[in-house]
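# Close look at the chain arrangement
So the chains spell out like this:
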Amino acid sequence: RADLVGLKAGDYIVKVGPLEDGVETEVAATTGAITVAKHVREGFAFAKQSTMGTGSGGYNDDGSVPSDAQIVYITADTVNTVKLDVITSSKGSKTTCTGLVDILAKRQKGYDKRHLIIRMVGTIKGSDITGLNSNGYVQIKGCYNVTFEGIGEDATINGWGLLIRGSRNIEIRNLGVMLFPDDAISLDTDNENIWVHNNDIFYGTAGSDADQAKGDGSCDVKGFSNYVTVSYNHFWDSGKSSLCGMSDTEEFFVTYHHNWFDHSDSRHPRIRVGTIHIYNNYFDGNSKYGVGVTKGASAFVEANYYRNCKYPMLSSLQGTDISGGSKGTFSGENGGMIKAYN
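Let us look at the structure shown here. Since this is a predicted model, take the numbers as computed values, not measurements. (Residues numbered from 1 in each chain as written. Predicted model: local features only at pLDDT ≥ 70, side-chain atom pairs only at ≥ 80, totals over all residues. Heavy atoms only, no water.)

## With respect to the pairing of strand β12 (residues 144-158)
The two faces of a sheet get side chains in turn, since along a regular strand they alternate between them. Rule in force here: Burial status follows relative accessibility: with a 1.4 Å probe on protein chains alone, a residue under 20% of its type maximum counts as buried, one over 50% as exposed, and anything between as partly exposed. Strands are runs of DSSP state E lasting at least two residues, helices are runs of H or I lasting at least four, and both sets are numbered from the N terminus onward. Pairing between strands is defined by DSSP: at least two bridges between them are needed.
Burial runs high along β12: eleven of the 15 residues are buried. Here strand β10 (residues 116-125) runs beside β12; their pairing, made up of nine bridges, is parallel. In the strand pairing of β12, R119 is matched with E149. As paired elements, β12 and strand β14 (residues 168-173) share five bridges and run parallel to each other.

In structure tokens, the structure reads:
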């Protein structure tokens, strides 16, 4: 198979053939017109008032590859051996890193802000990776301008997760994530301009608490992670899909659009403090609740479709949450505000 990545939107014809001394000697195959559509770049990850102004990660906003970009491919066989030169000092000196974990650890120093595109092929299991942190994560910490993407239809993270902390302009896309140890994709602390899109997130490894039978969070946004877009993801049979705010005390901004919450239980999202836009999502067979607000959060819930969702929207200690003499089934925290439209 041939995967063509990094093309602008448009129509292309692809020729595959041999070269001899740089000269095409014959054409082995020519495709018909291939139409490349652009990803929908909407929501707070692309807000003009944000620090970076974009969540396109290692790519340009038109989907093309920047001139300074570094591109590495990882598979189960190469994830610990792939090499890349990383700038590791203010003077511009470079260190040759070996393995995915080492590359990202050296980027954590913040000196290398060149665009980096990490392309994952096939399934990589947690047991394949040397250097996962103690909770089973590959860490993207202190990094700038990084895309972590799956190539093809079968790129699968199995038994590990991605932890993003203190990072700017990060894109996570086209991955299947399953049997993750705690969270699948964790936007942990102090992130800005993060775009998580077009992923399939399945259930995680069972935790010790009763509400962690399917793992913990599928895509958690917390610790003042700001200007985030979560879009076109398939949350399949998740227990808790997306926590949005945990110990936050400042307003932050997140967009959820065109996600399929497929028989997941709760947290679509579950919001504290933040101002959140939730539109064009499909809530399908959600056993506990859809959108939940607490601690003065504000949610604009617009043009969503609910099918067999027990409580489409809840505000803690208000309305349905305390009807019939109930003391509140959602949360004991103060509620928030939901504007529901269409």
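Next, the rest of the story.
## Comments concerning the nonpolar core
Here is a general trend for soluble globular proteins: nonpolar side chains tend to be buried in one another's company. To keep things clear, this is the line we draw: Put simply, a nonpolar core is a bunch of buried Ala, Val, Leu, Ile, Met, Phe, Trp, Tyr and Cys residues held in one set by side-chain atoms that sit within 4.5 Å of each other. A contact between two residues is defined here by any heavy atoms of the two lying within 4.5 Å.
Counting 56 residues, the largest nonpolar core has F148 and I172 as its most contacted members. The residues touching F148, leaving out its near neighbours within four places in the chain, are I74, L100, I118, M120, I140, W160, L162, E171, I172, R173 and L175.

## Let's talk about the environment of T189
As a reminder, the rule being used: Whenever a nitrogen or oxygen atom comes within 3.5 Å of another N or O atom, the pair is scored as a polar contact, on the condition that within protein one atom can donate a hydrogen and the other can accept it, and that pairs from neighbouring residues in sequence are kept only if both atoms are in side chains.
Mapped onto the fold, T189 is located in strand β16 (residues 185-189). For T189, a relative accessible area of 32% puts it in the partly exposed group. Sequence separation of T189 and I124 is 65 residues, and the distance between their C-alpha atoms is 26 Å. In terms of polar contacts, T189 uses its side chain to reach the side chain of D188, at 2.6 Å.

## Topic: a nonpolar patch on the surface
Our working definition: Residues enter a patch when their relative accessible area is above 30% and they make no salt bridge; the linking distance is 9 Å between like charges and 5 Å between nonpolar side chains (Val, Leu, Ile, Met, Phe, Trp, Tyr). To measure how exposed things are, a 1.4 Å probe is used in the Shrake-Rupley method; for residues, cover is taken only from the protein chains shown. Salt-bridge detection follows one rule: a side-chain nitrogen of Lys or Arg within 4 Å of a carboxyl oxygen of Asp or Glu.
A cluster of nonpolar side chains, contributed by L179, Y203 and W236, occupies part of the molecular surface with about 250 Å² of accessible area. As for its position among the elements, Y203 is in the loop between β18 (200-201) and β19 (219-221). In this structure Y203 comes out as partly exposed when scored by relative accessible area, which is 33%.

## Notes on unusual backbone geometry
Looking along the chain, the bond that leaves H268 and enters P269 is cis, with omega of -5°. Residue position: P269 is located in the loop between β24 (260-262) and β25 (270-272). A positive phi angle, near 55°, is found at Y232, a position not held by glycine. Relative to the elements of secondary structure, Y232 occurs in the loop between β20 (226-231) and β21 (234-236). Judged by its relative accessible area of 31%, Y232 is partly exposed. Located in the positive-phi region is D237, a residue other than glycine, with phi close to 60°. Note on placement: D237 falls in the loop between β21 and β22 (243-244). Overall, the relative accessible area of 23% leaves D237 in the partly exposed class.

## A word on the pattern of salt bridges
Applying the stated rule across the entire model yields 18 salt bridges. Close ionic contact of R168 with D190 constitutes a salt bridge, the shortest N to O distance being 3.1 Å. Of this pair, R168 sits in strand β14 while D190 sits in the loop between β16 and β17 (192-197), and the two are 22 residues apart along the sequence. Overall, R168 belongs to the buried group, its relative accessible area being 15%. Measuring nitrogen to oxygen at the nearest pair gives 3.1 Å for the salt bridge that ties E171 to R173.

## A few points about the pairing of strand β9 (residues 94-98)
With five bridges connecting them, strand β8 (residues 83-87) and β9 associate as antiparallel partners. Paired with V86 across the two strands is T95, which belongs to β9. The hairpin turn running from β8 into β9, its antiparallel successor, is six residues long, and G92 in that turn takes a positive phi close to 90°.

## Considering the environment of K327
Along the chain, K327 turns up in the loop between β31 (313-315) and β32 (337-341). Taking C-alpha positions, K327 is 9.9 Å from S316, a pair spaced eleven residues apart along the chain. With residues near it in sequence (within four places) discarded, K327 still touches L317 and I322.

## Comments concerning helix α1 (residues 100-107)
Cut-off, in case you're wondering: Relevant arc is that of directions from the helix axis to the C-beta atoms, nothing else.
By the burial criterion, the buried members of α1 are L100, I103, L104 and R107. Buried residues of α1, viewed axially, fall in a sector of 90°; they line one side. In this structure, the buried side of α1 is in contact with β7 (70-74), β8, β9, β10, β11 (137-141) and β12.

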